[in-house]
Every structure is written in structure tokens, then in C-alpha cells.
Amino acid sequence: MSTFNIDEQRLLIGSAAEFLKHRLFLHFTRFEPRTLIICGSGLGGIEERIAPRPVPLSIDYHEIPGFKTSTVAGHKGKLVFGVMNGSPVVLMCGRLHSYEGHALHQTTFPIRALNQLQSIKYLIATNACGGLNTQYAVGDLMCLIDHINIPGLAGQHPLRGPNFDETGPRFLALSDAYDLQLRKLLFQKRLELGLERPLHEGTYTYVSGPTFETRAEARYIRAIGSDVVGMSTVPEVIIARHCGLRVLALSLVTNAVVEDPPASALDENPVPIEKGKATHEEVLEEGFLASLDVQALVEAVVQEL
């Protein structure tokens, strides 16, 4: 795990920001993105909503000082700067996860670097998740109203270590992490678009992964008040809030977290223990099927920002 040195991080963040500013100046002359959009597993199609004019700017992560590369299928590993529905945006096409071997300050480094552009005011984070709430079906969407940070409660927190006092407070309140006005806007846009795909509002639990939850873990996470579970988003939200950004987060339920099958030896038709077992291929498939609705919602929200 990488050692955190705040002075080194400040220099690296500054270097990344200057690199991005230079590339933006060369490409656009003047471009000030207002919204950062993080594309979750299978949801990279949001890039298709970027207007062809002005020509978007795409930068691979490996080109940018301090950025780590994305190694997960469905995560392209690039920034895309462009205009969506008349509003300047930057897309993170592919996020970074701690289970890839990155420290949390590395997975959230892009947010701190992009914040140095000083024009970004909003974060829209999308993700794929497992459904715990029995009222949720595969393919449903959920707007985050709150989260449970299990690694953070155990000490693996993205704000652990020296604080960036110039950015945010040492003790950050997260009771308002998910912006109420942005959530209202999301539901309003769903109505205006006439989308039939269910959109819930609930609590997301962050786990580090990369294994999908055991049956006992799923029962535990449901019992502590979670509606869905996933391996991302929460560290990004925390750093975004520390940077003063307003946050909207949207989950796509790509699989239903498994329940215990009957174990009775007298059962003539036992449920195979493999039934309901999650796979990453399933996550990507459901992301593809729901991508058009997610794209439409994100584009409609961005228009108002």
C-alpha cells in the first residue's frame, strides 16, 4: 500500500492540474467544465452523449502525472472533456478501485486534481451495484440518499492521514453528502423524460471487494440498513464533498444479492447453491441494457447545471 505524504501529494496534484490545464488550453483555448461525471461498470456509454462540436478532448490516465491506470473490464481509463446538452463536462470513463491495489488517496486522486481546475462545481457518480432491498429488481435504478462506509468505519478512510486544510475541514460532516436539490432534479427529469424504469431512493453500502458478498455478509449488510451494496463511489463522494462539490449519485442494480438456498436433505428439489451467484459479466450486461436510460437522465440533469 502506498505511503501517504501530503507535501508530495500536493506537488503531484498540482502537476496533474497544470498538465490538464495545458492540454485544455491547446485543444479548446478556453474550456471550464462545471460537472465531473464518473462512469461506472458498463455505463461508459455516457460518453456518447458528448456533442461532436467542439471536438472532445480525450486523455488516457497513463498520460497524466499521478493518475493510476484502470485495470477492470468496462472501465476505459480516460478523461473526456466536452459539451453535453450545452454544458461543459469532464467524464471519468473508468474509475479506480482499492481492490486493484491502489491506496484510497490514489483512487480519489483524479477528483483532487480536477478540483484544481477551479471550475467544477458538481459530481455525478454512477455505479453498478447488488440489490439487497427485496423491492428492487435487476435493472432498477437507485438515487443515493445516504451511504454506509464499512472500510471507513474500520479505519480505511479516504481522509485518513494529514488533512488538506486548504480544501476542506479535518472533521467533515457527511449528513448532507447527497444534495437534496440535485436528487429532486433527477426525479423531475425522470418524469419529464417519461422513463418507465423504476427509480428508487436509498442507502448504498461500500465494501472494498473484489469478492462479491457471501450470503451471511449480505444478510448483515441488509440488517444494518442498506438497500444496495457495491465496491466504489463512497470514497469519491467523500473527497468531492471535502472539495466542496455538490454530489448526485446513481446506482444501477445489476444483480440481486443471493439468499440462502434450502438445505434440507428431505427437499426433493433443492435450489442449487450456484443459483443467483453474481458475475462481472452479468454486471456489464445489465449496465448495457440500462445504459440508454442512465445516459438520458444524466444528460437531462447536466443541462440544468
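Residues numbered from 1 in each chain as written. Predicted model: local features only at pLDDT ≥ 70, side-chain atom pairs only at ≥ 80, totals over all residues. Heavy atoms only, no water.

Colleague: Go over the overall build of the chain with me, naming the residues and quoting the values.
Modeller: Counting its regular elements, the chain contains eight helices and nine strands. In the chain, buried positions account for 53% of the 305 residues. In the chain, 83% of the contacts between residues at least 6 apart in sequence involve partners at least 24 apart. On the chain, roughly 13,900 Å² of surface is accessible, and the fraction owed to carbon and sulfur atoms is 52%. (Helix = DSSP H or I, 4+ residues; strand = E, 2+ residues; numbered from the N terminus. Buried < 20%, exposed > 50% of the residue type's maximum accessible area, 1.4 Å probe, protein only. Contact = heavy atoms within 4.5 Å. Areas by Shrake-Rupley, 256 points an atom, 1.4 Å probe, with all protein chains shown as cover.)

Colleague: Describe the side chain of Thr108, listing the residues and the values that go with them.
Modeller: With respect to the helices and strands, the residue Thr108 is situated in the loop between helix H2 (104-107) and helix H3 (109-115). Judged by relative accessible area, Thr108 falls into the buried class, the value being 2%. Reaching out from Thr108, the side chain makes a polar contact with the backbone oxygen of Leu104 at a distance of 2.8 Å. Here Thr108 is in contact with Pro235, Glu236 and Ile239, once residues within four sequence places are set aside. (Polar contact = N/O pair within 3.5 Å; in protein donor to acceptor, adjacent residues only side chain to side chain.)

Colleague: Quick one: what's the story with the UniProt feature "binding site: a purine D-ribonucleoside" (unreviewed entry) in the chain, residue by residue and with numbers?
Modeller: The UniProt feature table records "binding site: a purine D-ribonucleoside" (unreviewed entry) at Glu213 and Asn255. These annotated residues cover 43 residues of sequence, and their C-alpha atoms lie no more than 11.7 Å from one another, placing them together at a single site. Relative accessible area serves as the criterion here: at 14%, Glu213 is assigned to the buried category. Here Glu213 is in contact with Val207, Ala218, Ile221, Val229 and Val257, once residues within four sequence places are set aside. For Asn255, the position within the fold is in strand S9 (residues 246-256). (UniProt positions renumbered as here; feature names shortened; annotations may be inferred.)

Colleague: So what's going on with the nonpolar core? Residues and values would help.
Modeller: One finds Leu36, Leu79, Phe81 and Leu114 to be the most contacted residues of the largest nonpolar core, which totals 50 residues. Apart from residues no more than four positions distant in its own chain, Leu114 is found in contact with Leu20, Leu36, Leu79, Phe81, Val90 and Ile120. Of all hydrophobic cores here, the second largest spans 29 residues; its members include Val80, Leu141, Leu182 and Val294. (Core = buried A, V, L, I, M, F, W, Y, C linked by side-chain atoms within 4.5 Å.)

Colleague: Talk me through the side chain of Glu100; I want residue IDs and the actual numbers.
Modeller: With respect to the helices, strands and loops of the structure, Glu100 is situated in the loop between strand S4 (87-93) and H2. Buried within the structure, Glu100 lacks any salt-bridge partner; its nearest side chain of opposite charge belongs to Arg95, at an N-O separation of 8.4 Å. (Lys, Arg positive; Asp, Glu negative; His and termini not counted. Salt bridge = Lys/Arg side-chain N within 4 Å of Asp/Glu carboxyl O.)

Colleague: Mind laying out the pairing of S4, listing which residues take part and the relevant values?
Modeller: Among the seven residues that make up S4, six are buried, leaving the element largely enclosed by the rest of the structure. Alignment of strand S1 (residues 35-39) against S4, held across five bridges, turns out to be parallel. Bridge pairing links Cys39 to Cys93 in S4. Where strand S3 (residues 78-84) and S4 come together, seven bridges link them in antiparallel fashion. When the bridges of S4 are listed, Lys78 appears paired with Cys93. (Pairing = 2+ DSSP bridges.)

Colleague: So, unusual backbone geometry: which residues are in play, and what are the values?
Modeller: Omega for the peptide link from Arg53 to Pro54 comes to -5 degrees, which places this bond in the cis form. Structurally, Pro54 can be placed in the loop between S1 and strand S2 (57-60). Here the phi dihedral of Asn85 falls at roughly 55 degrees; this positive angle occurs in a residue that is not glycine. As for its position among the elements, Asn85 is in the loop between S3 and S4. For Asn85, a relative accessible area of 32% puts it in the partly exposed group. You will see that Thr233, though not glycine, has its phi angle at about 75 degrees, which is positive.

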